[in-house]
Amino acid sequence: MYYIILSMLYYKTYHLVMANAIVQSRISLRPFKDDDIDDVLLWLGDDRVVENTRLEMLSNGTYNENLNTQMIERMRGRDKTCNSREEALNFIKNKWIYPSYQSICLDDHSIGIFWILSYNDWKHSANLGYAIGFKYWGQGIVTKGLKILLSKVFQEFHGLVRLQALTLVEGKASQRVLEKVGFHREGLLRKYVNHKGCIEDLYIFSFLSTDEISSGVV
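Fair warning: this is a prediction, and the values are worked out from it, not measured in the lab. (Residues numbered from 1 in each chain as written. Predicted model: local features only at pLDDT ≥ 70, side-chain atom pairs only at ≥ 80, totals over all residues. Heavy atoms only, no water.)

### Topic: the sheet that holds strand 5 (residues 162-168)
Part 1 of the argument: In space, the seven strands of this open sheet follow the order 1-2-3-4-5-7-6, with mixed pairing throughout. In the strand order of this sheet, the two ends are held by strand 1 (27-30) and strand 6 (184-195), each with one partner. Taken pair by pair, the neighbouring strands of this sheet meet at an average axis angle of 30°, ignoring direction.
Part 2 of the argument: Sheet topology note: the strand 5/strand 7 (residues 198-208) ladder contains seven bridges and is antiparallel. Residue pairing for strand 7: Leu168 is matched across the bridge by Leu202.
Part 3 of the argument: Against the sheet, helix 6 (residues 141-150) contacts strand 1, strand 2 (101-106), strand 3 (109-119), strand 4 (122-132), strand 5 and strand 7, and its axis sits at roughly 50° relative to strand 1. (Pairing = 2+ DSSP bridges. Helix = DSSP H or I, 4+ residues; strand = E, 2+ residues; numbered from the N terminus. Axes fitted to C-alpha atoms, helices over the stretch in contact; angles between N-to-C directions. Contact = heavy atoms within 4.5 Å.)

Okay, here's the thing in C-alpha cells:
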C-alpha cells in the first residue's frame with residue numbers, strides 16, 4: 001500500500017511538472033500587433049487585472065507622478081483601463097511602443113504586458129511593471145516571461161544598468177516572482193504612493209545588468 005501511494009504521488013507530480021513545462025515553452029514576448037485587439041480587451045478590461053496596476057504606466061511614455069484627474073480616478077478602481085475596441089487599438093497603435101511595452105504571449109496570443117519605463121531623464125534606470133489576464137494567474141507565466149525579458153532588456157535599452165520594481169506590501173505573489181528570477185529586495189519605501197485614496201508603503205526591488213538570472217525551476 002505504501003508503495004502504491006508513493007507511485008501515485010510520483011505520477012501526479014510528474015504530470016504536473018510536465019504540464020507546466022509544456023505551458024512555459026509556449027510563452028514569448030513580442031511587440032503588440034493590431035490584430036491583438038480582441039485578446040487585449042479580455043484582460044485590459046478586467047477590473048481584477050487592473051485594480052492593483054499602476055495604470056498611468058500603460059498610457060505614458062515615462063514615469064510621471066503628475067497624473068491628471070481622470071487617470072487618478074482610474075487608479076482608485078472607479079473605471080476600467082479599457083472600455084472599447086477603439087481605446088484598445090489606440091493603446092496598441094500609439095502608446096504601446098516596443099521595447100518599452102512588450103506583449104506577454106501564450107501561443108502568440110496576447111495575455112498580458114510588461115512595461116519598462118525610464119524615470120524622466122535617468123536613462124540608466126527604468127521601472128518595471130506587468131499585468132496578466134486573470135485566468136493565467138499562478139501558473140508561472142510571469143516568472144518565465146520575466147526571465148525572457150531579463151535576458152534581453154539591457155541590450156534593448158542603451159545605457160540601462162538598473163531595472164527596478166515596486167510592490168505593495170501585501171503583494172506577496174509579485175514579490176515571490178521578482179525574487180524567484182533574481183531581483184534583490186532593497187527595502188521599504190514608507191508612505192510612498194497614493195493607492196486607491198490611501199497612502200501606502202511599497203517594497204522596492206532591483207536587478208542590475210551585472211546580476212544573474214536565477215536558474216531555478218519556474
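### Observations concerning the packing of aromatic side chains
Part 1 of the argument: Taken as a whole and assessed by the stated rule, the structure comprises seven aromatic pairs.
Part 2 of the argument: Aromatic side chains Phe114 and Tyr130 sit 6.3 Å apart centroid to centroid with 65° between the ring planes, which places their arrangement in the edge-to-face category. With Phe114 in strand 3 and Tyr130 in strand 4, this pair connects stretches of sequence that are 16 residues apart.
Part 3 of the argument: By relative accessible area, Tyr130 is classed as partly exposed at 25%.
Part 4 of the argument: Where Phe154 meets Phe207, the ring centres are 6.3 Å apart and the plane angle is 25°; that geometry is what we call stacked. Of this pair, Phe154 sits in helix 7 (residues 153-156) while Phe207 is found in strand 7, placing the two residues 53 residues apart along the sequence. (Phe/Tyr/Trp six-rings, centres within 6.5 Å; stacked < 30°, edge-to-face > 60°. Buried < 20%, exposed > 50% of the residue type's maximum accessible area, 1.4 Å probe, protein only.)

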